[in-house]
Amino acid sequence: MDEVDSAIVRALQANARQTNRDLARAVGIAPSTCLERVRLLRDRGVITGYHAEISLAALNRHVQAFLHVQVRPMSREVIENLKAYIGGLPEVISVFVVAGGDDLLVHVAVPSVDGLHSFLMDKFTQRREIVGFRSSVIYQHARNRILEELA
């Protein structure tokens, strides 16, 4: 990516709803050039989608937690099947396969602490391949909304 592509990516991360004309003006190029560059960024897989950010509280998901999960037996098939099962649960936001003492890191959002307890008891304890888990309730969350290419 050159400087113009990087500027386009930054501008779209800040506001993906802006018009092509506004985007072109913001990065200092012609609208036709901007349209072609955005198309090429999509074709190359740099831009993978445009998303609406939704309030979790508006969806009755007031409590978020990370679940640290240990799995046995450890095999690709067990991990893939469990990842598919967990990823299909409506409370789950993300599933990460990780290295270290835990095998999976699961980000969930539920209505309450009681809802988190019910989720763990009803959805995790019944799975034989889950040999252990612990939860970390998330009090606050911040993230970088605009990511830059690293050298």
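What you are looking at is a predicted structure, and each value in this text was computed from that prediction instead of being measured. (Residues numbered from 1 in each chain as written. Predicted model: local features only at pLDDT ≥ 70, side-chain atom pairs only at ≥ 80, totals over all residues. Heavy atoms only, no water.)

### Quick word on helix H3 (residues 31–43)
Across its 13 residues, H3 extends 18 Å between first and last C-alpha, which sits within 8% of the 18 Å expected from 1.5 Å per residue. Among the residues making up H3, those that are buried are Cys 34, Val 38 and Leu 41. Along the long axis of H3, the arc covered by the buried residues comes to 60°, so they all point the same way. Away from its buried face by more than 90 degrees, H3 exposes Ser 32, Leu 35 and Asp 43. In the core, the buried residues of H3 are packed alongside helix H1 (3–14) and helix H2 (20–27). Gly 45 sits one or two residues past H3 and shows a positive phi near 80°. (Helix = DSSP H or I, 4+ residues; strand = E, 2+ residues; numbered from the N terminus. Expected span 1.5 Å × (residues − 1). Buried < 20%, exposed > 50% of the residue type's maximum accessible area, 1.4 Å probe, protein only. Arc of directions from axis to C-beta. Contact = heavy atoms within 4.5 Å.)

### A word on the UniProt feature "domain: HTH asnC-type" (unreviewed entry) in the protein
Under the UniProt annotation, the feature "domain: HTH asnC-type" (unreviewed entry) is placed at residues 1–62. From the first C-alpha to the last, residues 1–62 spans 39 Å; its make-up is 53% helix and 0% strand. (UniProt positions renumbered as here; feature names shortened; annotations may be inferred.)

### Remarks on the packing of H1 against H3
It is at 11 Å that the axes of H1 and H3 come closest, and there the two elements cross at 85°. Between H1 and H3, the angle is such that the two are roughly perpendicular. From H1, Val 4, Asp 5, Ile 8, Val 9 and Leu 12 reach across to H3, where they touch Arg 37, Val 38 and Leu 41. Broken down by class, the residue content of the contact of H1 with H3 amounts to six nonpolar, no polar and two charged. (Axes fitted to C-alpha atoms, helices over the stretch in contact; angles between N-to-C directions. Parallel < 35°, antiparallel > 145°, perpendicular 65-115°, else oblique. Nonpolar A, V, L, I, M, F, W, Y, C, P; charged D, E, K, R; others polar.)

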